[in-house]
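# Structural features, examined
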Amino acid sequence: MLVVVALGGNALLRRGEPMTAGNQRANIVRAASVLAKLVDEGHSIVVTHGNGPQVGLLALQAAATSDGRTFPLDVLGAESAGMIGYVIEQELGNLLKDRLFATLLTQVKVDPQDPAFAHPTKPIGPVYDEATARSLANERGWQIAPDGDKWRRVVPSPKPLAILEASVISFLVERAVIVICTGGGGVPVIARDDGSLCGVEAVIDKDLASALLARQLQADMLLLLTDVDAVYVDYGTATARALRRVSPKELSGQNFPAGSMGPKVAAAIEFTEATGKPAAIGKLDDAVNIVKGERGTWFETSALPAPLEPAER
């Protein structure tokens, strides 16, 4: 079975951890061990990953240069995709020594008129307390928004329209190459009037880009991994309940946080409705059992209503 596996930023850098190269590698070692188990189970995988903390750090580092000039977000996104993809490929290769790997920078076409450019929502960079975040926003012209009990910088997140390297990825997958791609949602580009491409200042949501990639590759399943074991209604409250098997229609009217679970649920619904194939959301450590249908939240067009399960304590 071909599974597009999307590693969330929180699966690669746990909340509250200092954003260091050592912590990032330690978390990628953990993620690689889980991905290797999926391969050992006989699945073909294409790996995508987030980059929110990393691209934000690169932006801060760029702003600290002596002349104050910064690289645009599309270039920083490409830099972070290479940085993270390199470590994922290396650690997977250490575990799966008889397999071939390729890490690809992936351009993703977006609409220059996308309304997201006027309404930034995608969190990047480290978290701050509210006072610090507001001070930095005033100083640097940022837009900020809450992220849990903290605050982060937010940037435009236009809808992905096409993965431009999808045919190359498909070519490699057909030859049993494990591909790491669409890092941070891919590098956002637009087409000029003459058909040439150029990057834009934005960050594409990794989950929506992963769903699009899974559709273009005709994958059998979309697996979205994070640090939460399932999708919850009333998450963070005493009445929180985990969803186990749902159809997209069952979630009509439910609201999930735009900066965290919202895009994952939207991506899962989009893939399932477009293909009739399953998507699932759950905890990184549960990946093998999620694919088996034993853990996480499964999205299926024909899913029978299932009772809500109490939150795990």
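Just so it is clear, the model here is predicted, and its values are computed rather than measured.

### Details of the overall build of the protein chain
Per the secondary structure count, the protein chain includes nine helices and 18 strands. In terms of overall dimensions, the protein chain is globule-like: its C-alpha atoms have a radius of gyration of 19 Å, near the 20 Å expected for 313 residues. Across its three principal directions, the C-alpha atoms of the protein chain cover 55 × 50 × 40 Å. Counting every position in the protein chain, which comprises 313 residues, the buried fraction comes to 51%. Sequence-distant contacts, at least 24 apart, represent 74% of the contacts inside the protein chain between residues at least 6 apart.

### Digging into the sheet that holds strand S7 (residues 150–155)
Backbone hydrogen bonds hold the strands of a sheet together, and the pairing may be parallel or antiparallel. One open sheet holds the three strands; their spatial order is S5-S7-S6, and the pairing between them is antiparallel. Each having just a single partner strand, strand S5 (122–128) and strand S6 (143–147) make up the two edges of the open sheet. In this sheet, neighbouring strand axes are inclined to one another by 40° on average, regardless of whether the strands run parallel or antiparallel. Sheet analysis places S6 next to S7, joined by five bridges and oriented antiparallel. When the bridges of S7 are listed, Pro-146 appears paired with Trp-151.

### Looking at the sheet that holds strand S8 (residues 162–163)
The strand order S8-S4-S10-S11 describes an open sheet built from four strands, whose pairing is mixed. The sheet terminates laterally at S8 and strand S11 (197–199), the two strands that pair on one side only. Sheet analysis places strand S10 (residues 187–191) next to S11, joined by three bridges and oriented antiparallel. In the sheet register, Val-189 faces S11, and the bridge partner there is Gly-199.

### As for unusual backbone geometry
Backbone geometry at Ala-176 places phi at a positive 65°, although glycine is not the residue there. Tracing the sequence through the fold places Ala-176 in the loop between helix H6 (166–174) and strand S9 (177–180). A relative accessible area of 42% places Ala-176 in the partly exposed class.

### Notes on the pattern of salt bridges
In this structure the tally under the stated criterion is 13 salt bridges. Note that Asp-229 is salt-bridged to Arg-244, the shortest N-O span being 3.4 Å. Residue Asp-229 is located in the loop between strand S12 (221–226) and strand S13 (231–233), and its partner Arg-244 is located in the loop between strand S14 (241–243) and strand S15 (245–246); the two are separated by 15 residues in the primary sequence. An identical accessibility class is assigned to Asp-229 and Arg-244; each is buried. The salt bridge partner of Asp-286 is Arg-295, with a shortest N-O separation of 3.7 Å.

### Quick look at the confidence of the model for the protein chain
The predicted model of the protein chain averages 88 in pLDDT, with 90% of residues at 70 or higher. Ignoring residues within four places in sequence, the model shows residues 304–313, a span with pLDDT below 50, making 21 contacts including any to other chains.

### Describing helix H5 (residues 130–140)
Of all the positions in H5, only Ala-133, Leu-136 and Ala-137 are classed as buried. For H5, the angular spread of buried residues about the axis comes to 105°, placing them on one side. Of the exposed residues in H5, those oriented more than 90 degrees away from the buried face are Ala-131, Asn-138 and Glu-139. On its buried side, H5 packs onto S5, S6 and S7. Capping the start of H5 is the job of one residue whose side-chain oxygen sits 3.2 Å from the backbone nitrogen of Ala-131: Asp-129. One or two steps after H5, the chain reaches Gly-141, where phi turns positive at roughly 75°.

About the criteria used
Position numbers for residues start from 1 in each chain and track the written sequence from start to end. In keeping with the model being predicted, local features are shown solely for residues with a pLDDT of at least 70 and side-chain atom pairs are shown and tallied solely at 80 or more, while totals for entire chains, interfaces and linings include all residues. Working from all heavy atoms in the structure, the side-chain values ignore hydrogens and water. Every helix listed is a DSSP run of H or I at least four residues long, and every strand listed is a run of E at least two residues long, numbered separately from the N terminus. In this description the radius of gyration comes from C-alpha coordinates, and the expected globular size is given by 2.2 Å times residues to the power 0.38. Exposure is judged per residue with a 1.4 Å probe applied to protein chains only, and the accessible area is read against the type maximum: over 50% gives exposed, under 20% gives buried, and values in between give partly exposed. Note on definitions: a residue-residue contact is assigned when non-hydrogen atoms from the two residues lie within 4.5 Å. Here, a strand pair is defined by DSSP locating no fewer than two bridges between the strands. To define axes, lines are fitted to C-alpha atoms, for helices over the stretch in contact only, and angles between the resulting N-to-C directions are given on a 0 to 180 degree scale. In the sections that follow, a salt bridge refers to a side-chain nitrogen of Lys or Arg positioned within 4 Å of a carboxyl oxygen of Asp or Glu. The predictor reports its confidence for every residue as pLDDT, a score running from 0 up to 100. When we speak of the arc, we mean the arc of directions from the helix axis to the C-beta atoms. Counting of polar contacts relies on pairs of N or O atoms within 3.5 Å, with two restrictions inside protein: one atom must be capable of donating a hydrogen and the other of accepting it, and residues adjacent in sequence are counted only when both atoms are side-chain atoms.

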